[in-house]
Amino acid sequence: MSTLKWSCPCCLRFKFSPEELEQRYRSREIDKMIKKDKQVLKRQVKLLLLGAGESGKSTFLKQMRIIHGIKFEDELIKEFQQVIYQNVVKGMKVLVDARDKLNIPWGDSQNSELGSKLLEFNNNTVLDFRLFVSYATNLSNGLFVSYATNLSKLWKDSGIRRAYERRREFQLSDSVEYFLNNLDRIARPDYIPTNRDILHCRKATKGITEFVIPVNNVPFLFVDVGGQRSQRQKWFQCFGSITSILFLVSSSEFDQVLLEDRKTNRLEESKNIFDTIINNQIFNSVSIILFLNKYDLLVKKVANPETDIRWYFPQFAGNSHSIHDVQEFILAMFTGVKREPKKNLYHHFTTAVDTANIKNVGIKVYTRSI
Ligand SMILES: Nc1nc2c(ncn2[C@@H]2O[C@H](COP(=O)(O)OP(=O)(O)OP(=O)(O)O)[C@@H](O)[C@H]2O)c(=O)[nH]1
Ligand SMILES: [Mg+2]
């Protein structure tokens, strides 16, 4: 191809037929395209999101979309809407069931029938707006009640609130409270999920999701994986040509056990996964950034007099209601597993549902990854 560069176009016209010229022109264009693609591939930054289930990986990726103005497609918003209805109905079912198992009396005994009706809901049913707001169940007093009204009444019951306060004893998604507090808006006929609702919407990731976000003309490829135990064997498929690993930990889960086995402490599980990643030789040249996420929930939990980190981590020596002391302890727990002293490890306490917070952190991630 290089000869073409130096040939005068008029001479070429005598040397080659129009077809040959056309072919040469095309192949030169293809060469150019390949070169450009190679440059892009070379410049592409691959960020792998790792961490246990519910640590906030997918939420972080949603934030990246929001911050970079990549709108959620209408179809996707509709899907989120159904998941939100499911989140809130399933969440209340868990609370009703827990109230019963923990022997907490109903605040209003009339709510007992509403609770039983809700437990009849089949978790596999796809909940659309019609079903969530308009579908009415027949009560024994002859009245009809929709899911939305039922949930609203139950959420006001002191027995359900007491069960909610004891949520560390069972498995309840962190976003249930947010949606129950926003029930009036969610149950409106013209309801469309806002970005904030989408950030709180919970659906466990199965498999691997890739999403490219251009930042200052550099393509950042975010790879999101499922963090639950059954999903982790798929992580190895994503380990090639990584620039950075963003490792997310739910820092507020020091008093909770895993959904998968209902006995392992969630923070211990996270630490063990982090150990296998940070000390893995194949990541020697990969920068690792630790996100101690759910900082908003950690602050609330540390302030709560009904729980104490020392009950779960007796080695904790500070003031258990000082956010500063608890942060130091959790951070030391993770940095302490790193065996190679020279290996850089960056960390941030984050709140993945807070756009302003992640915007700030995102800039630091980009600069460390280019
Ligand atoms: N309050 C609060 N909620 C958060 C935060 N980060 C994530 N969440 C919520 O926690 C839940 C779990 O977050 P996901 O992003 O689905 O977690 P994940 O790591 O992708 O989980 P898997 O896909 O199962 O591995 C969602 O309901 C989020 O809205 C946070 O910083 N604060
Ligand atoms: Mg996920």
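Residues numbered from 1 in each chain as written. Chains lettered and ligands numbered in written order. Predicted model: local features only at pLDDT ≥ 70, side-chain atom pairs only at ≥ 80, totals over all residues. Heavy atoms only, no water.

Focus on the packing of aromatic side chains
Applying the stated criterion across every chain yields a total of 16 aromatic pairs. Geometrically, the ring pair formed by tyrosine 85 and tyrosine 191 is tilted, given 6.5 Å between the ring centres and 50° between the ring planes. Placement of tyrosine 85 in helix α5 (residues 74–101) and of tyrosine 191 in the loop between α11 (183–186) and α12 (195–200) is noted, with a sequence separation of 106 residues between them. The buried category is assigned to tyrosine 85, whose relative accessible area is 0%. Joined through ring pairs, the aromatic side chains of Tyr85, Phe132 and Tyr191 make up one cluster. (Phe/Tyr/Trp six-rings, centres within 6.5 Å; stacked < 30°, edge-to-face > 60°. Helix = DSSP H or I, 4+ residues; strand = E, 2+ residues; numbered from the N terminus. Buried < 20%, exposed > 50% of the residue type's maximum accessible area, 1.4 Å probe, protein only.)

Details of the UniProt feature "binding site: Mg(2+)" (unreviewed entry) in the protein
According to UniProt, the "binding site: Mg(2+)" (unreviewed entry) feature falls on Ser58 and Thr205. In three dimensions, the annotated residues from a span of 148 residues occupy one location, with a maximal C-alpha spread of 7.6 Å. Aside from chain neighbours lying at most four places away, what touches serine 58 is Thr205 and Asp224. Inspection of the secondary structure puts threonine 205 in the loop between α12 and β4 (208–215). For threonine 205, a relative accessible area of 17% corresponds to the buried category. Other than its neighbours up to four places away in sequence, threonine 205 contacts Ser58, Asp224, Val225, Gly226 and Gln231. (UniProt positions renumbered as here; feature names shortened; annotations may be inferred. Contact = heavy atoms within 4.5 Å.)

Observations regarding the coordination of the magnesium ion (ligand 2)
With distances of 2.1 Å, the protein atoms coordinating the magnesium ion (ligand 2) are Ser58 (OG) and Thr205 (OG1). Residue serine 58 is located in helix α4 (residues 57–67), and its partner threonine 205 is located in the loop between α12 and β4; the two are separated by 147 residues in the primary sequence. Judged by its relative accessible area of 22%, serine 58 falls in the partly exposed class. (Donors = N, O, S within 2.8 Å, 3.2 Å for Na, K, Ca; no water.)

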